[in-house]
Structures are given as C-alpha cells and as structure tokens.
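Examination of the molecular architecture
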Amino acid sequence: MSFLIRWIVTAVAVAAAVWLVPGIELIGGDSAWVGIAIFALILSLVNISVKPILQLLSLPITVLTLGIFYLIVNTILLYLAAWLANGLFGVGFWISGFGSAFLASIVISIVSAIVNAVVGNDQ
C-alpha cells in the first residue's frame, strides 16, 4: 500500500510541476493525466532503485555543498525518468533545459513533502 500512496503523491507533484514550471510539458492532449500517471510511476521506480545508489556516490560532494548537490541528483533522476518514459512508453514528457528540470525537481520535492505531510505517509 505504501508504494501506491507514493505513486499518487508523485503524480500530484508531477502534475504541479507540469502546471507551474515553464519548459516542462506533457504532450498528450486529452489523455494528459495518463501520461502523468505513467511518468509518476516511472519516477517512483527510479527513486526507489537508482536514487540510493546516486546518493551514496554523491555523498562527499553533498557534504561539501551542505546538501545543495542533492537537488542536482534529483534533477538527474528527473531526466532519467523522462528519458525512460519517452523511450519505453512514448509518454511525451518534455524538458526544455537544465534550468527547467532543476526548478521542476524543486517543485516536485516541495509538493511531495507537503502532500506526504497531509497524507501522513512515513518514508
């Protein structure tokens, strides 16, 4: 049940990022919510599997930058999830540049934290 809640929280956060961040677009027309759900599923799976490895590898840089590099790791994971979503499922999640991806990763992190606090999902 915890993964289902994580998936829904990520879908809400991705929808907020698509809505708020210029340069992040979901090409899908009427079925945009399906694209958001598929992208959120892929992002959740990437966060579960790849994120711990990247966090461990980037730990020295993260300590030196007092945690700021953690945002770069989130941006890389967002790019990876977009690449997988477009390549495997043809979702059409488009990121225009690094600045947009960086801002979207910040929005997704903040919205996820807020929704997790409201839902009460302990991670």
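Rules used throughout
Residues numbered from 1 in each chain as written. Predicted model: local features only at pLDDT ≥ 70, side-chain atom pairs only at ≥ 80, totals over all residues. Heavy atoms only, no water. Helix = DSSP H or I, 4+ residues; strand = E, 2+ residues; numbered from the N terminus. Rg over C-alpha atoms; globule rule 2.2 N^0.38 Å. Buried < 20%, exposed > 50% of the residue type's maximum accessible area, 1.4 Å probe, protein only. Contact = heavy atoms within 4.5 Å. Areas by Shrake-Rupley, 256 points an atom, 1.4 Å probe, with all protein chains shown as cover. Expected span 1.5 Å × (residues − 1). Phe/Tyr/Trp six-rings, centres within 6.5 Å; stacked < 30°, edge-to-face > 60°.

Structural notes on the overall build of the protein
Per the secondary structure count, the protein includes six helices and two strands. Taken from N to C terminus, the helices and strands of the protein fall in the order α-β-α-α-α-α-β-α. Taking 123 residues into account, the globule formula puts the C-alpha radius of gyration at 14 Å, and the protein, at 14 Å, falls close to it. Projected onto the principal axes, the alpha-carbon positions of the protein cover approximately 45 × 35 × 25 Å. Within the protein, the proportion of its 123 residues that are buried is 37%. In the protein, the proportion of contacts linking residues at least 24 apart, taken out of those at least 6 apart, comes to 75%. Counting every atom, the protein has about 7000 Å² of accessible surface; 76% of that belongs to carbon and sulfur.

Brief notes about the side chain of Thr75
Residue placement: Thr75 occurs in helix 5 (residues 69-89). When sequence neighbours within four positions are dropped, the list of residues in contact with Thr75 reads Phe98, Ala101, Phe102 and Ser105.

Structural notes on the side chain of Thr62
Here Thr62 shows up in helix 4 (residues 59-64). Contact partners of Thr62, with chain neighbours within four places excluded, come to Gly67, Phe69 and Tyr70.

Details of helix 2 (residues 32-49)
Here helix 2 spans 26 Å end to end across 18 residues, near enough to the 26 Å set by a 1.5 Å rise per residue. Taken together, the buried positions of helix 2 are occupied by Gly35, Ile36, Phe39, Ala40, Ile42, Leu43, Ser44 and Val46. Looking at the packing, one finds that the buried side of helix 2 touches helix 1 (2-20), strand 1 (24-26), helix 3 (51-57), helix 5, strand 2 (93-95) and helix 6 (98-119).

Notes on the packing of aromatic side chains
The tally for this structure, following the rule as stated, stands at two aromatic pairs. When the ring of Phe39 is compared with that of Phe93, the centres are 3.8 Å apart and the planes differ by 10°; the resulting orientation is stacked. Within this pair, whereas Phe39 is found in helix 2, its partner Phe93 is found in strand 2, the two being separated by 54 residues in sequence. Overall, the relative accessible area of 0% leaves Phe39 in the buried class. On the accessibility criterion, Phe93 (4% relative accessible area) is buried.

Digging into unusual backbone geometry
At Leu66, a residue that is not glycine, the phi angle is positive and equals roughly 60°. Looking at the secondary structure, you find Leu66 in the loop between helix 4 and helix 5. Since its relative accessible area comes to 79%, Leu66 is described here as exposed.

Points about the environment of Ala11
Of note, Ala11 is situated in helix 1. With 48 residues separating them in the primary sequence, Ala11 and Leu59 have C-alpha atoms 28 Å apart. Ignoring sequence-local partners within four residues, the contact set of Ala11 consists of Ile36 and Ala40.

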